[in-house]
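Commentary on secondary and tertiary structure
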Amino acid sequence: MSKPTPDVYEQGRGMDAHNKVMREIRAQKDETYDPHEPTRVWIDEDRTPGGVYQSLTIILNTGGCRWARAGGCTMCGYVAESVEGGSVAHEALMDQIEACLDHEREQMESGEADGESGLIKIYTSGSFLDEREVGAETRRAIAETFADRERIVVESLPDFVDREKLEDFTEQGLDTDVAIGLETATDRVRHDCVNKYFDFDDFIAASEHADEAGAGVKAYLLMKPPFLSESEAIEDMKSSVRRCAEYAHTVSMNPTNVQRYTMVDELYFRDGYRPPWLWSVAEVLESTADADAIVVSDPVGHGSDRGPHNCGECDDRVQTAIKDFDLRQDPSVFSEVSCECEATWEAVVERETSFSLPLAR
């Protein structure tokens, strides 16, 4: 990874100590990536305000999140998968889009996909609407490429959300959503635990810009960033889901998983961090099912030590219940799963008071 050179835009943001540590950690990365190949692509199903869609999810390989290059978020290792040098040409990015379409066609031919996906989700491990990652020419070309689909989601930090950029998609007749990595509605947690520099008010302003363009908002929350106990993480998510539901039609709660080249990884290695319990995810989803938004969760790496997990015996069953809830929004699914480890989880929630020494691994 090239030496981070944050410009004036990033200076004075976040916590200097966090940024310094994370620049040192990320400097250990030595992998290289092909700018003509996407980071990842897959087909899945997602619930949206327009119903359940087959979705084509695309993670473009760009120069990476510019905030991450300054140090960035304590849990995010996606910048380690970015192309060296900080930028990717228009032609290379469109090659990535074509590779994703080839993947979809292959899935259709094999019967794994039921025709073309109605929902397109585009991420960059940064901000799709940041024109230093994805230029205006590329953004417009992507909008034209997917103009015959029904819905599109693009990811961005709130700074880069404005009406004109989103109108590139809405004027194509696409139902458009901007996904914002808010992480929490609590400013102190976002600043001190996640090291994100913006405030909840900035998220509100971005939602207003999206509304002006005729677009919706999908808020991404982070369950259990570092420096929170299990009970603190649960309560933060419950309140955050309800506050976000006032401005976003969908709230996606992502349990933290331990990624390489992050502060969370350093803490985990020293026994100072445990990913959240899947019971905690279920508790939040069940208790906020009446919120005025679609509330979903997709625990990455479930059942592994570095991902959200319970005891190892019930992880797949609880994950299945979470996925079922995502599609049907029926909290009764959680009453259908149980395990002896629930008692351990309940004890952790009641008695764990320190983030630095988890009571149960």
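Residues numbered from 1 in each chain as written. Predicted model: local features only at pLDDT ≥ 70, side-chain atom pairs only at ≥ 80, totals over all residues. Heavy atoms only, no water.

Here the focus is the packing of aromatic side chains. Applying the stated rule across the entire model yields 8 aromatic pairs. Pairing Trp 67 with Tyr 197 gives two aromatic rings, centres 4.9 Å apart and planes at 75 degrees, and the pair type is edge-to-face. Remark: Tyr 197 occurs in the loop between helix 6 (187-194) and helix 7 (200-212) and Trp 67 occurs in helix 2 (residues 66-70); sequence separation between them is 130 residues. Summarising the burial analysis for this pair, Trp 67 and Tyr 197 share the class buried. Pairing Tyr 123 with Tyr 220 gives two aromatic rings, centres 6.3 Å apart and planes at 75 degrees, and the pair type is edge-to-face. (Phe/Tyr/Trp six-rings, centres within 6.5 Å; stacked < 30°, edge-to-face > 60°. Helix = DSSP H or I, 4+ residues; strand = E, 2+ residues; numbered from the N terminus. Buried < 20%, exposed > 50% of the residue type's maximum accessible area, 1.4 Å probe, protein only.)

Attention now goes to unusual backbone geometry. The backbone of Lys 224 shows a phi angle near 65 degrees, a positive value even though the residue is not glycine. Within the secondary structure, Lys 224 sits in the loop between strand 6 (216-223) and helix 8 (230-244).

Where helix 8 meets helix 12 (residues 341-351), the axes come as close as 6 Å, and the angle between the chain directions of the two elements is 85 degrees. When the axes of helix 8 and helix 12 are compared, the pair comes out roughly perpendicular. When helix 8 is examined against helix 12, the residues Glu 230, Ser 231 and Ile 234 are found in contact with a partner set consisting of Trp 345, Val 348 and Val 349. Tallied by class, the residues present in the contact of helix 8 with helix 12 amount to 4 nonpolar, 1 polar and 1 charged. (Axes fitted to C-alpha atoms, helices over the stretch in contact; angles between N-to-C directions. Parallel < 35°, antiparallel > 145°, perpendicular 65-115°, else oblique. Contact = heavy atoms within 4.5 Å. Nonpolar A, V, L, I, M, F, W, Y, C, P; charged D, E, K, R; others polar.)

All right, on to the pattern of salt bridges then. For side chains bearing opposite charge, pairing can occur when the charged atoms are close. Evaluation of the coordinates by the stated rule reveals 25 salt bridges. Taking the shortest distance from any N to any O, the salt bridge between Arg 270 and Glu 266 comes out at 3.2 Å. Several salt bridges converge on common partners, so that one network encompasses Glu 104, Glu 116, Asp 148 and Arg 149. (Salt bridge = Lys/Arg side-chain N within 4 Å of Asp/Glu carboxyl O.)

Of all 9 residues making up strand 2 (residues 51-59), 7 are buried, and the element is well covered by its neighbours. Bridging between strand 1 (residues 40-48) and strand 2 involves 9 bridges; their strand directions are antiparallel. Bridge pairing in strand 2 places Glu 45 opposite Gln 54. In textbook terms, the turn of a hairpin is the stretch between consecutive antiparallel strands, and for strand 1 and strand 2 this stretch comprises 2 residues. (Pairing = 2+ DSSP bridges.)

Turning our eyes to something else, we now look at empty space enclosed by the protein. Per the counting criterion, the structure on display carries 4 cavities of 30 Å³ or more. Quantified by volume, the largest cavity comes out at close to 70 Å³. As for the largest cavity, its lining consists of Asp 46, Arg 47, Thr 48, Pro 49, Leu 119, Lys 121, Arg 151, Val 153, Asp 177, Lys 218, His 249 and Thr 250. Looking at the lining of the largest cavity, the elements with two or more residues in it are strand 1, strand 3 (119-123) and strand 4 (151-155). The element that contributes the greatest number of residues to the lining of the largest cavity is strand 1, accounting for 3 residues. Here the lining of the largest cavity is composed, by residue class, of 3 nonpolar, 3 polar and 6 charged. (1 Å grid on protein atoms, 1.4 Å probe; cavity = no way out; pocket = protein on both sides within 12 Å on 5 of 7 lines; lining within 4 Å. Points joined across faces, edges and corners; volume = space filled by probe spheres on them.)

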